[in-house]
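Breakdown of the fold
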Amino acid sequence: MGKAELPLHAPGTKTGRGYIGQSTPRANAKRLLQGRGTFVDDLRLPRIAHAVFFRSPHAHARIGKLDFSTALKAPGVIGVFDGHAVAEYCKPWVGVLGHLKGIKSPPQHAVAIGRACWQGEAVAAVVAETRAQAEDAADLIEAEWHELPVVTDMQAALEGKVVIHPELGDNICFQRQFVTEGFDEAFANADVVVEETYDFGRHTGVCTEGRAILADYNAAEHTLTVHHATQAPHMMQDIFSRHLDIPESNVRVICRDIGGSFGIKVHVYPDEMATAALSVMLRRPVKFVADRLESFLTDIHAREHRVTVRLACTRDGDIIAFDLDDLTAIGPYSVYPRTSGIEGNQVVNLTGGPYRHKQYRANMRAVFTNKNVTCQYRAVGHPIAVALTEGVVDIAARKLGMDPAEFRRRNLIADDAYPYTFPSGIKFEKLSHHQCLDKLLALMDYERLRAEQAALREKGIHRGLGLAAMIEVTNPSPAFYGVGGARISAQDGATLRLDPAGMVNVLCSVTEQGQGTEGIFAQIAASVVGVSVERVRVTTGDTGVTPYGGGTWASRGAGTGGEAVLQAGKILRSNILDVAAAMLNEDKAKLDIVNNEVVDKLTGAAKATLAEIGRVAYFRPDTLPMRFQSELTVTRHYTPREYGFTFTNGIQASWVEVDVETGFVKLLKHWCVEDCGTIINPMLVDEQIRGGVVQGIGAALFEECLYGEDGQLQNGNLADYLVPMAGEMPDIVVGHVETPTLGSELGAKGAGEAGTAGASGAVMNAINDALAPLGAQVTAMPFTPQRILEALGKA
Amino acid sequence: MDHALDTTMILNGAPVSRRIPARQHLIDFLRDEMGLTGSHLGCEHGVCGTCTVRVDGQIVRGCLTLAVQANGKRVDTIEGMSDSGELAVLQQAFHARNALQCGFCTPGMLMAAQDLIGQKRKLSREEIRAHLSGNYCRCTGYQSIVDAIEEVLQTDVPHGQG
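This next bit is on the overall build of chain B. Regarding its fold elements, chain B presents 6 helices and 5 strands. Sequence-ordered secondary structure for chain B, helices as α and strands as β, is β-β-α-β-β-β-α-α-α-α-α. For 162 residues, the compact-globule estimate of 2.2 N^0.38 gives 15 Å, and the C-alpha radius of gyration of chain B, at 16 Å, lies within 12% of that figure. Taking the principal axes of its C-alpha atoms as reference, chain B extends roughly 55 × 30 × 25 Å.

So this is what it looks like as structure tokens:
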């Protein structure tokens, strides 16, 4: 494992790993439990004004005359602005990346100019002294609309009879074709070919806290301070700077508590950019918080893919090839700056991911439609790639009469085959599919469940067991965004400082949205320096304070930020020992830091507390040798570079009961065994997995943004859009295999998205396992009672 | 639009008198007028439970209750119930099990949980889950929340009861 060299001496631990591997409760949860967190909407500033947006009621329409005269006279109104007015302060953007060959998208403005391209697009901004006044005034705006033809169907978009952006020539935003040499021959010679088409519904993040921004422009200094619910404060600093024309160093982005993000809060949103521009225009703080109805209309959506997949194998059950055809609809614009091409691209990269076939062909097209934009949401592309792969794998196993677990065992990449290059070109450092499969089958008692299933079937009870093996992209290198020209950092930094009283202060560029990054950074820092975890304070989410870095996305917090904390901690520890050696006039090599004290390495005898070191270093350096200068603040950075991504792997299982009369699915239990490398805090990892699994279950059973042919969102509220609630969710058993990455000393790979990546596929396979004896199957998520009854011929 | 009523309530144990616009919701009054930002706004249409507060001992949706409806009543929020120590056992159980991630739903979730604890009876996990069905959490998947409540119920309910 290569991790033995770490000087981890946390108090009370004897493993040599300090707090690494301990389920330490995270300190920052305490304020949240008392309602004493600070979310953006909790902030109060002098002269604060509130922005509300007047949004297009049409999916596609030319904007005629906008009459603000009545709205401007409403009580408390400070100003009403159209797209032209806002554009004078905020430059438009184009959501393309250089390495996604051929991707195209038109310029997008903060507030629409001339035309609205989806229902909910902001076409005017109202600013008032209170939110209620701004909402009242927005109702008084008179708008003249000229409706345009609407494109909502993906296939129609592809055919392009109506082109949404005529200047682009067609509705294709991005496409990618891929084929390995020998693919056609492999398919021609296969004994068995199976094929299925899957539909993945559009859904969205539904963070409990709506998107929120409070922009505070100081005209005297030409500085902009933005309190922002974002995952990537440095990325946003760069974007505010370039689009509002304010020097980068004059922009400060601060993220206090954030009410969930899941990828929703890592993108540039027009209404948020407009809010920042309004603050500059009005020279005062302006706040915008998306309400729930606006969130459904404007938070990025995700998925909406129609995929046909074919699998070729031998009659003995060896998979030879996969063939993928993916069509996805992304709305009228590619989202800035990460683009809306990434999800489809990931489906191409990841399809067939866990298996050892050599041949692969893929065809993917992302098309523009007049619905809300889609972009990267938790587990980007993975739930689709995993579900379609695992779905067709089950179909093949069924056709061959093989047990699905055995069929997987036969085809999963061997645990000793690494490093391994996958047919799509991606490289795996070290995965553990077989260990995970074995552990899962033991954990769930697979044979017993199969026996139970067979016994219950005789009584007319239809239970199903579904498996889904998966790989997950984590810790992206600069090859993910940076090489494409995006100013998105793949490196992160951490600063550690020993304070005079012997506490360790940590500043890190990775942010916290509740996943527990601050908690694990405290555990790492405490372990590496040699202090108790209570003596560590962590600050994240402030571009004015922390080192520069990418923030939180792609399950990179532990692997990238954690390694930076570890490296800074090693140097701080060494520097503390330098002070101790100088102070005590002893050989540094004979000293160690254990339990908040400098001790004699051999005898363990206490030499000085860290508080004493701090006192001398900061207040009595005159007592140290003349040329000695203490350095008790240390910054280190880390960039994953050896591989394009650090991959994790795992496998999930779902156990369901289908009521064939009503079409309802009861989730009985769910299992996930995954390998996130070094586990820093098992409890936090388990909770990441569980939360992720439930999001995947939501996609499988409940969640869909339903649009009419006219491009109207028909269920854009929490009463009609179903999310998983406590009553329907099963208990989730989580197991681990630990294969640390050798790319870093910490060895953490990341755990944020694995649950979501595999859960929908496992649930789908479980339902189809239950339905198989009845000759039915479902292929369109979410699997509503209606769709299940249709499959059974009962609807 | 200028309908306002003189309103007096006992807010977290102390009397508060204000002239409140009739259309103002209780959650907006608590957050915007009283600075009690611990209760959050999640959906503003009564589904998510994030704004749950207690009025005269009953949990209510702060977004479906008008502030003037609290006239003459006792209103308790997360801030008051934390300071009084009423929620301490639950908060400790939530902390130990990481039964929260982003913490946005947590004050409302604790209100619903405390409502259950106050009923002083033994409950199955299914019953606990059913009681929480009006509180949406996107982060946890609910299991750790159910675990925490179950633990508190087991320690809180005297032996032989329920």
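Here we take up the domain arrangement of chain B. Residues and elements named next belong to chain B. Split into domains, chain B comes out as domain 1 (4–77) and domain 2 (87–156). In this structure, domain 1 and domain 2 have C-alpha centres spaced 22 Å apart. With 15 residues of domain 1 at the interface, the matching set in domain 2 holds 12 residues. In this assembly, domain 1 packs against domain 2 so that about 940 Å² is buried in total across both faces, 59% of it on carbon and sulfur atoms. The interface formed by domain 1 and domain 2 includes 0 salt bridges. If you look at where domain 1 meets domain 2, you find 4 residue pairs in polar contact (both at pLDDT 80 or more). Elements represented by at least two residues in the side of domain 1 that touches domain 2 include exactly strand S3 (52–55) and strand S4 (58–61). Per-element tally for the side of domain 1 that touches domain 2: the top contributor is S3, with 3 residues.

Now for the packing of aromatic side chains. All names here are of chain A. Within this structure, the stated rule accounts for 16 aromatic pairs over all chains. With centroids separated by 6.4 Å and ring planes inclined at 15°, the aromatic side chains of Tyr420 and Phe428 adopt a geometry described as stacked. By the burial criterion, Tyr420 is buried, and Phe428 matches it. Three or more aromatic residues link up through ring pairs in this structure, and these residues are Tyr418, Tyr420, Phe422, Phe428, Phe480, Tyr481, Trp553, Phe645 and Phe647. Stacked on the ring of Trp553, the Lys or Arg Arg338 has its end atom at 4.5 Å from the ring centre. It is Arg556 that lies over the ring of Trp553; its NZ or CZ is 4.7 Å from the centre.

Residues and elements named next belong to chain A. Under the domain assignment, chain A is made up of domain 1 (29–37 + 491–638), domain 2 (40–148 + 207–298) and domain 3 (301–478 + 642–791). When each unit is reduced to the centre of its C-alpha atoms, the spacing between domain 1 and domain 2 is 39 Å. Summed over both partners, the interface of domain 1 with domain 2 buries about 1400 Å², with 45% contributed by carbon and sulfur atoms. On the domain 1 side of the contact with domain 2, Gln513, Thr543 and Tyr548 bury the most area, a combined 43% of that side's loss. Where domain 1 meets domain 2, there are 2 salt bridges. Ionic pairing is found between Arg252 and Asp542, a salt bridge with its closest N-O pair at 2.6 Å. Counting across the interface, domain 1 meets domain 2 through 8 residue pairs in polar contact (both at pLDDT 80 or more).

With that settled, the discussion passes to empty space enclosed by the protein. To find leftover empty space, a probe the size of one water molecule is rolled over the atoms. Residues and elements named next belong to chain A. Counting across every chain of the model gives 6 cavities of 30 Å³ or more. Its boundaries defined by the atoms lining it, the largest cavity holds a volume of some 730 Å³. Lining of the largest cavity is provided by 46 residues; of these, Thr552, Ser555, Arg556, Gln688 and Gly752 occupy positions nearest its centre. At the level of secondary structure, the elements contributing two or more residues to the lining of the largest cavity comprise helix H10 (342–350), helix H15 (517–529), helix H16 (557–584) and helix H18 (682–701). Broken down by element, the lining of the largest cavity gets its largest block of residues, 3 residues, from H18.

Parameters and conventions
- Residues numbered from 1 in each chain as written.
- Chains lettered and ligands numbered in written order.
- Predicted model: local features only at pLDDT ≥ 70, side-chain atom pairs only at ≥ 80, totals over all residues.
- Heavy atoms only, no water.
- Helix = DSSP H or I, 4+ residues; strand = E, 2+ residues; numbered from the N terminus.
- Rg over C-alpha atoms; globule rule 2.2 N^0.38 Å.
- Domains from an automatic or database assignment.
- Contact = heavy atoms within 4.5 Å.
- Buried area = accessible area lost by both parts, 1.4 Å probe.
- Salt bridge = Lys/Arg side-chain N within 4 Å of Asp/Glu carboxyl O.
- Polar contact = N/O pair within 3.5 Å; in protein donor to acceptor, adjacent residues only side chain to side chain.
- Phe/Tyr/Trp six-rings, centres within 6.5 Å; stacked < 30°, edge-to-face > 60°.
- Buried < 20%, exposed > 50% of the residue type's maximum accessible area, 1.4 Å probe, protein only.
- Lys NZ or Arg CZ within 6 Å of the ring centre and 35° of its normal.
- 1 Å grid on protein atoms, 1.4 Å probe; cavity = no way out; pocket = protein on both sides within 12 Å on 5 of 7 lines; lining within 4 Å.
- Points joined across faces, edges and corners; volume = space filled by probe spheres on them.

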